[in-house]
Amino acid sequence: MHRTRTDRPRYHRAAPEQHRRAPQQLSPPEESPMEHTETPRIAFLGLGVMGSAMLRNLAARGYAVAGYDVVPAAMDRLADTGFRRAATPRDAALGCDVAITMLPTSSHVREALFGPDGAAAGLNPGALVIEMSTGDAVETDRIAADLAAQGLRCIDAPVGRTPREAAQGKALIMAGGAQADLDQAAPIFAAMADEIVHVGGFGSGIRLKLVNNYMSMVGMVLTGEALMFAAKLGLDRATVVKVLSNTTAGRGQLLTNFPGKVLAGDISPDFPMRMGYKDINLAMNLAASVGAPLGLGGYAREMFALAKSWGRQEQDCTAMLLLLEDVAHLERGAALP
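Residues numbered from 1 in each chain as written. Predicted model: local features only at pLDDT ≥ 70, side-chain atom pairs only at ≥ 80, totals over all residues. Heavy atoms only, no water.

1. A word on the overall build of the protein chain
Item 1. Broken down by element type, the protein chain carries 14 helices and 11 strands.
Item 2. In the protein chain, buried positions account for 42% of the 337 residues.
Item 3. Contacts in the protein chain between residues at least 24 apart in sequence constitute 63% of all its contacts with a sequence separation of at least 6.
Item 4. Taken as a whole, the protein chain presents about 17600 Å² of accessible surface, with 59% of it coming from carbon and sulfur. (Helix = DSSP H or I, 4+ residues; strand = E, 2+ residues; numbered from the N terminus. Buried < 20%, exposed > 50% of the residue type's maximum accessible area, 1.4 Å probe, protein only. Contact = heavy atoms within 4.5 Å. Areas by Shrake-Rupley, 256 points an atom, 1.4 Å probe, with all protein chains shown as cover.)

Below you can see the structure in the form of structure tokens.
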């Protein structure tokens, strides 16, 4: 099934290194084959929940895909796609211009590419490896260097969103690498995602993905703590969820306060840090009275307490970003104090 012009994926390119802000939206490329005269043959390594969904979308777009997974049942489930079932990663890569890796860890990626019967030995000269796993950022850099030593190119392109969205071809791809390589991969990405962000140079995609996952997992703990705290206070769960879903706290700071305040260079106090310190103290004291363990709250209270010694107690609570940057000795532009 082909996309109409109105539902083509959105492409974004990161702003220049100096004064980087939000990615700039690009006009999507025309859906033509890659730079080659024929549609590239693709090796797909890793056919778990996300990988299988992505392979299905590639096959539906007419790509010739050879797939491999160490779990035979994962390949069995894709038999209806018409993909070529490979015996090894090298077998999958034979004659291919592109290899996609979507594996649990960077060690699995290394094994699939460079181990016995690894894919790197089977790819066409100058082929492009698209590393889409969520792995170790430094090891991802090493893998790219080892591929380059064999005359192969690499971009990192981890994905966001859920397996359900991946199955619908609506993943979000965070890509890092040379522009020419991203341009070559763009039609492939268009089969799997409806939003593609060129974050920057190689390795920037996986780094942004890990920042995202950090925020996500800490958010899991925060949400769990808040609901547990409410339960310890005897509050009705459904009512708590309804209310928090419509407050700034529940909706998240990146969607509410941060864009119009600290990220816009405005730290004039809508709600000053000293009041934030007062409020979190009140909540922590209440939690202690009912035996609710709030680990993140303890850390947050310590950070709000630092605002006074760093001279930020009268600044907006979103200036917590700047306080954390102060503590981390992070240099910042002149736009923000």
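Next comes the rest of the write-up.
2. Examining the packing of helix α8 (residues 204-232) against helix α13 (residues 295-309)
Item 1. α13 packs onto α8 with a crossing angle of 105° between their chain directions and a minimal axis gap of 9 Å. When the axis of α8 is compared with that of α13, the two are roughly perpendicular. Residues V218, V221, L222 and E225 of α8 form the contact with α13, whose own contacting residues are G295, L296 and G297.
Item 2. When grouped by side-chain class, the residues that make up the contact of α8 with α13 number four nonpolar, two polar and one charged. (Axes fitted to C-alpha atoms, helices over the stretch in contact; angles between N-to-C directions. Parallel < 35°, antiparallel > 145°, perpendicular 65-115°, else oblique. Nonpolar A, V, L, I, M, F, W, Y, C, P; charged D, E, K, R; others polar.)

3. Description of helix α4 (residues 106-114)
Item 1. Listed as buried for α4 are S106, V109, A112 and L113. On an axial view of α4, the arc spanned by its buried residues comes to 120°, and they lie on one face.
Item 2. Elements in contact with the buried residues of α4: β3 (41-45), α3 (89-93), β6 (98-101), β7 (128-131) and α5 (137-149). (Arc of directions from axis to C-beta.)

4. What to know about the layout of surface pockets
Item 1. As a volume, the second largest pocket reaches approximately 350 Å³.
Item 2. Contributing elements (two or more residues each) for the lining of the second largest pocket: α1 (49-60) and α4. (1 Å grid on protein atoms, 1.4 Å probe; cavity = no way out; pocket = protein on both sides within 12 Å on 5 of 7 lines; lining within 4 Å. Points joined across faces, edges and corners; volume = space filled by probe spheres on them.)

5. What to know about the pattern of salt bridges
Item 1. In total, this model carries 15 salt bridges according to the counting rule given.
Item 2. The residue R142 makes a salt bridge to E139 at a minimum N-O spacing of 3.1 Å. Placement of the pair is R142 and E139 together in helix α5, with a separation of three residues, close to one helical turn.
Item 3. Residue D181 is joined to R153 by a salt bridge in which the shortest nitrogen-to-oxygen separation is 2.6 Å. Of this pair, D181 sits in helix α7 (residues 179-192) while R153 sits in strand β8 (residues 153-156), and the two are 28 residues apart along the sequence.
Item 4. According to the relative accessible area criterion, D181 is buried, its value standing at 11%.
Item 5. Overall, R153 belongs to the partly exposed group, its relative accessible area being 26%. (Salt bridge = Lys/Arg side-chain N within 4 Å of Asp/Glu carboxyl O.)

6. Looking at the environment of L296
Item 1. Summarising the element assignment, L296 is placed in helix α13.
Item 2. Separated by 74 residues in the primary sequence, L296 and L222 have C-alpha atoms spaced 6.8 Å apart.
Item 3. If we skip the residues at most four places from it in the chain, L296 touches V218, V221, L222 and E225.

7. Structural notes on the packing of α1 against α7
A packed helix pair is summarised by two numbers, namely the angle formed by the two axes and the spacing between the axes.
Item 1. Relative to each other, α1 and α7 sit at 110°, their axes nearing to 8 Å. The orientation of α1 relative to α7 falls into the category roughly perpendicular. In this structure, α1 crosses over α7, and the sense of that crossing is right-handed. On the side of α1, the interface is formed by M54, N57 and L58, while α7 contributes I188, A191 and M192.
Item 2. Residue composition of the contact of α1 with α7, grouped by class: five nonpolar, one polar and no charged. (Left-handed = near helix turned anticlockwise from the far one by under 90°.)

8. As for α1
Item 1. The end-to-end C-alpha separation of α1 is 17 Å, in line with the 16 Å expected for 12 residues at 1.5 Å each.
Item 2. Of all the positions in α1, only M50, G51, S52, A53, M54, L55, N57 and L58 are classed as buried.
Item 3. Those residues of α1 hidden inside the fold are in contact with β3, β4 (64-68), β6, β9 (159-160), α6 (163-167) and α7. (Expected span 1.5 Å × (residues − 1).)

9. Some remarks on the side chain of N281
Item 1. Among the secondary structure elements, N281 is positioned in helix α12 (residues 273-290).
Item 2. A polar side-chain atom of N281 sits 3.2 Å from a polar atom in the side chain of R301. (Polar contact = N/O pair within 3.5 Å; in protein donor to acceptor, adjacent residues only side chain to side chain.)

10. Describing the nonpolar core
Item 1. Core analysis: the largest hydrophobic core is formed by 58 residues, its most contacted members being L58, I100, I130, M132 and F189.
Item 2. At six residues, α7 tops the list of elements feeding residues into this core.
Item 3. The residues touching I130, leaving out its near neighbours within four places in the chain, are V98, A99, I100, T101, I155, A157, A185 and F189.
Item 4. Core analysis: the next-biggest nonpolar cluster, separate from the first, contains seven residues, M303, F304, C317 and M320 among them. (Core = buried A, V, L, I, M, F, W, Y, C linked by side-chain atoms within 4.5 Å.)

11. Describing a nonpolar patch on the surface
Item 1. Taken together, Y214, M215, L254 and L263 make up a surface patch of nonpolar side chains, about 450 Å² in accessible area.
Item 2. Relative to the assigned elements, L263 resides in the loop between α11 (257-260) and α12. (Patch = residues over 30% accessible without salt bridge, like charges linked within 9 Å, V, L, I, M, F, W, Y side chains within 5 Å.)

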